[in-house]
Amino acid sequence: MPSAQVFLCLAVMLAAAAATAQAHLQCLDNPPERSLLGGQAEAGEVVHDLPGGFRAYVTGAASSSHAIVLASDVYGFEAPLLRKIADKVGEAGYFVVVPDFFNGDYLDEKKNLTEWLKAHSPVKAAEDAKPLFAALTKEGKTIAVGGYCWGGKFSVEVGKTNEVKSVCISHPYSVTADDMKVVKCPIEILGAQYDTSTPPKLVYRFVHVLRQREEVPYYAKVFQGVEHGFANRYNTTDPFAVKTAEQALAYMISWFDKYLK
Ligand SMILES: *[C@@H]1O[C@H](CO)[C@@H](O)[C@H](O)[C@H]1NC(C)=O
Ligand SMILES: *[C@@H]1O[C@H](CO)[C@@H](O)[C@H](O)[C@H]1NC(C)=O
């Protein structure tokens, strides 16, 4: 592990608007446009037989000695913007795997969140993904995980093992300050000013824990003017949303470059 250099760049702004947390679950806002899946825009392909039994979107150079597993939000891997992100991470020199952790059973407004999470616990998914990480490692690849919402919790769980070299979580769902006490690898946290799942206050609690653990490098940033989902389910016709999502992606890639390459 590199010298225990700790980075902190946190601009917490507790705007009054953020205090009035909305009751509705932001995890379901701006659903992916599945009709745009596939076609010439996608650089990768869907494979059906990865170790662990996963279907996955894979992209980037299979020969790369560095693999990135991107863990989706509750909408799963059939998401054009997530695949675009995966392609861009691939262009940065990585082999990228976006597993279908839900076997097609994505969350939607009609499903009971509690029930759905019981069937698709990110903690259990991290266990189930062990064969996938083992196979990538056996191929001589070092691995990092980038996770969004549900995938944020998945990433943190994997980050508690020795399977990966670094993780980046964007607007995570159900990640706790206690998780930060036991994460083993360098962790980057990308939050949003108006995220009601992981509000800036909670990001600051993560930082408070990590600051006392000099052995674990971290970086945290709260993006201003955006909500939960800003990094992978942004409004593609809103220039500010596009720019902010591109920034989040750049931060994630830099983090992987720093702790994986
Ligand atoms: C969702 O499921 C839980 C656990 O089974 C149950 O307690 C709850 O009432 C359900 N919620 C709705 C809105 O149906
Ligand atoms: C997306 O952004 C455009 C341009 O700012 C706006 O007109 C439109 O209402 C937004 N769409 C959604 C779903 O928020």
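Note: the structure precedes this text.
Keep in mind the model is a prediction, meaning the values are calculated, not measured.

**Re the site of ligand 2**
- In the vicinity of ligand 2, the residues found are Asn235, Thr237 and Asp238.
- Between ligand 2 and asparagine 235, the relevant distance is 2.3 Å, taken from an oxygen atom to a side-chain nitrogen or oxygen of the residue.
- Contact distances for ligand 2 include 3.4 Å between an oxygen atom and a side-chain N or O atom of threonine 237.
- In the complex, the protein chains occlude 31% of the 360 Å² of accessible area that ligand 2 would expose alone.

**Let's talk about the sheet that holds strand S3 (residues 66-71)**
- Within the open sheet, the 8 strands sit side by side as S1-S2-S4-S3-S5-S6-S7-S8. Their pairing is mixed. Because the sheet does not close on itself, it has two edges, and the strands there are strand S1 (45-50) and strand S8 (218-227). The mean angle between the axes of side-by-side strands here comes to 25 degrees, regardless of whether they run parallel or antiparallel.
- Examined bridge by bridge, S1 and strand S2 (residues 54-60) share 4 bridges and lie antiparallel to one another. Paired with glutamate 45 across the two strands is valine 58, which belongs to S2.

**A word on the pattern of salt bridges**
- This model, assessed by the stated rule, comprises 16 salt bridges.
- For glutamate 163, the salt bridge identified is with lysine 130, shortest N-O distance 3.4 Å. One end of the pair, glutamate 163, is in the loop between helix H6 (150-158) and strand S6 (166-170); the other, lysine 130, is in helix H5 (residues 130-138), and 33 residues separate them in sequence.
- The partner of glutamate 215 in a salt bridge is arginine 213, with the nearest N and O atoms 3.2 Å apart.
- A relative accessible area of 44% means that glutamate 215 is categorised as partly exposed.
- Among the ionic contacts, a cluster of salt bridges with common partners joins Lys153, Glu157, Lys160 and Asp179.

**Some remarks on the packing of aromatic side chains**
- Evaluated as defined, the whole model comprises 13 aromatic pairs.
- Consider the rings of phenylalanine 102 and tryptophan 150, whose centres lie 4.7 Å apart with planes at 80 degrees: the pair is edge-to-face. With phenylalanine 102 in the loop between strand S4 (95-99) and helix H3 (113-119) and tryptophan 150 in helix H6, this pair connects stretches of sequence that are 48 residues apart. Take phenylalanine 102 and tryptophan 150: they sit in the same class, and that class is buried.
- For the ring pair phenylalanine 133 and phenylalanine 154, a centre distance of 6.4 Å and an interplane angle of 25 degrees mean the geometry is stacked.

Criteria and thresholds
- Residues numbered from 1 in each chain as written.
- Chains lettered and ligands numbered in written order.
- Predicted model: local features only at pLDDT ≥ 70, side-chain atom pairs only at ≥ 80, totals over all residues.
- Heavy atoms only, no water.
- Near = heavy atom within 4 Å.
- Polar contact = N/O pair within 3.5 Å; in protein donor to acceptor, adjacent residues only side chain to side chain.
- Areas by Shrake-Rupley, 256 points an atom, 1.4 Å probe, with all protein chains shown as cover.
- Pairing = 2+ DSSP bridges.
- Helix = DSSP H or I, 4+ residues; strand = E, 2+ residues; numbered from the N terminus.
- Axes fitted to C-alpha atoms, helices over the stretch in contact; angles between N-to-C directions.
- Salt bridge = Lys/Arg side-chain N within 4 Å of Asp/Glu carboxyl O.
- Buried < 20%, exposed > 50% of the residue type's maximum accessible area, 1.4 Å probe, protein only.
- Phe/Tyr/Trp six-rings, centres within 6.5 Å; stacked < 30°, edge-to-face > 60°.

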